[in-house]
Amino acid sequence: MSGRGKKRAVAGSPRSASKKSRSARAGLQFPVGRVFRFLRSGNYASRIGSGAAIYLAAVMEYLAAEVLELAGNAARENKKTRILPRHILLAVRNDDELNKLFACVTIPQGGVMPNILAQLLPKKTNANVASQKYGGSQ
């Protein structure tokens, strides 16, 4: 019977408490059940504790929120409303801890950090400074 939606759990029914997902019980947006399934099928260990998936989902959610917040700030600085890979790269490389975590990661379409070596910049001499100051050329 399509189009009727989910059946609502009655408040007095004994199954109403168990209908809540593990993500909702933990207060997370990331799927705890899916993380648990991947941990079991990934052959990381023969036994996986129930708290491991919750902890891992919380860590992944925190990292995603941190990167998205910094990338959103970088997009706003560039007067853009959409986060591009360039903004993610700028956000990650400008943050010390995230840069250490993403040290060996290449972000496709991210470009490079803007950097000009001091030796390549034109030298400022006293004559150049005086001519720029007074607007004349010598």
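How each quantity is defined
Within each chain, residues carry numbers counting from 1 in the order of the written sequence. Under the rules for a predicted model, residues below a pLDDT of 70 receive no local features and side-chain atom pairs below 80 are neither given nor counted, while totals for whole chains, interfaces and linings still include all residues. Hydrogens are left out, water is left out, and the side-chain values use all remaining heavy atoms of the structure. Angles here are taken between N-to-C directions and fall from 0 to 180 degrees, while the axes themselves are lines fitted to C-alpha atoms, restricted in helices to the stretch in contact. Numbering of helices and strands runs from the N terminus, with a helix taken as a DSSP run of H or I at least four residues long and a strand as a DSSP run of E at least two residues long. What sets the label is the angle itself: under 35 degrees gives roughly parallel, over 145 gives roughly antiparallel, 65 to 115 gives roughly perpendicular, and the rest give oblique. Helix crossings are classified by the rotation of the near helix relative to the far one: an anticlockwise turn of less than a right angle makes the crossing left-handed, while a clockwise turn makes it right-handed. Contacts are assigned to residue pairs with any non-hydrogen atoms lying within 4.5 Å of each other. Charged means Asp, Glu, Lys or Arg here, nonpolar means Ala, Val, Leu, Ile, Met, Phe, Trp, Tyr, Cys or Pro, and polar covers whatever is left, Gly included. Stacked, tilted and edge-to-face are the three classes applied to pairs of Phe, Tyr and Trp rings, where Trp contributes its six-membered ring and a pair requires centres within 6.5 Å; stacked means planes under 30 degrees apart, edge-to-face means over 60, and tilted covers the rest. Look at NZ for Lys and CZ for Arg. If either is within 6 Å of the ring centre and within 35 degrees of the ring normal, a charge sits over the ring. Note on classification: 1.4 Å probe, protein chains only; a residue is buried when its accessible area is under 20% of the maximum for its type, exposed when over 50%, partly exposed between these limits. What we call a nonpolar core is a set of buried Ala, Val, Leu, Ile, Met, Phe, Trp, Tyr and Cys residues that are connected through their side-chain atoms within 4.5 Å. Only residues above 30% relative accessible area that lack a salt bridge enter a patch, with like-charged residues linked at up to 9 Å and the nonpolar side chains Val, Leu, Ile, Met, Phe, Trp and Tyr linked at up to 5 Å. Note on areas: these come from Shrake-Rupley sampling with a 1.4 Å probe, and a residue is covered only by the protein chains present in the view. By salt bridge we mean one thing: a side-chain nitrogen of Lys or Arg within 4 Å of a carboxyl oxygen of Asp or Glu.

Caption draft 1: Expanded view of the packing of helix α2 (residues 32-41) against helix α3 (residues 50-77). Put simply, α2 and α3 touch, their axes get as near as 8 Å, and they point 115° apart. In this view, α2 runs roughly perpendicular relative to α3, as classed from their interaxial angle. Viewed along their axes, α2 and α3 form a crossing whose handedness is right-handed. For the pair α2 and α3, contact is made by Val-32, Val-35, Phe-36 and Leu-39 and by Ala-52, Ala-53, Ile-54, Leu-56, Ala-57 and Met-60, respectively. Grouping the amino acids of the contact of α2 with α3 by side-chain chemistry returns 10 nonpolar, no polar and no charged.

Caption draft 2: Structural context of the packing of aromatic side chains. All chains considered together, the criterion is met by 0 aromatic pairs. The side chain of Arg-37 reaches across the aromatic face of Phe-38, ending 5.0 Å from its centre.

Caption draft 3: Region of the structure containing helix α4 (residues 85-94). Residues His-87, Leu-89, Leu-90, Ala-91, Val-92 and Arg-93 constitute the buried set of α4. Its buried side turned inward, α4 meets α3 and α5 (96-101).

Caption draft 4: Spotlight on unusual backbone geometry. In this structure, Asn-43 is a non-glycine residue whose phi angle is positive, near 55°. One can find Asn-43 in the loop between α2 and α3. With a phi close to 60°, Lys-79 is a non-glycine residue in the positive phi region. Take Lys-79: it is sitting in the loop between α3 and α4. Judged by relative accessible area, Lys-79 falls into the exposed class, the value being 77%.

Caption draft 5: Expanded view of the packing of α3 against α4. Direction vectors running N to C along α3 and α4 enclose 115°, while the axes themselves pass 8 Å from each other. Put simply, α3 runs roughly perpendicular to α4. Here α3 and α4 pass one another in a crossing that is right-handed. On the side of α3, the interface is formed by Val-67, Leu-70, Ala-71, Ala-74 and Ala-75, while α4 contributes His-87, Ile-88, Leu-90, Ala-91 and Val-92. When its residues are assigned to classes, the contact of α3 with α4 shows 9 nonpolar, 1 polar and no charged.

Caption draft 6: The arrangement of the nonpolar core in detail. If you look at the biggest cluster of nonpolar residues, it comprises 7 residues: Leu-28, Val-32, Val-35, Phe-36, Leu-39, Ala-53 and Ala-57. Within the residue set of this core, elements represented by two or more residues are α2 and α3. Considering every element that reaches this core, the biggest residue donor is α2, with 4 residues. Each residue touching Leu-28, except ones within four places of it in the same chain, is listed here: Ser-23, Ile-54, Ala-57, Ala-58 and Glu-61.

Caption draft 7: A look at a nonpolar patch on the surface. Residues Tyr-55, Val-59, Tyr-62, Leu-63 and Leu-101 make up a contiguous nonpolar surface patch of about 530 Å² in total accessible area. Tallying contributions element by element places α3 first for the nonpolar patch, with 4 residues. Position of Tyr-55 relative to the elements: it lies in helix α3.

By themselves, these are just geometric observations and shouldn't be taken as functional.
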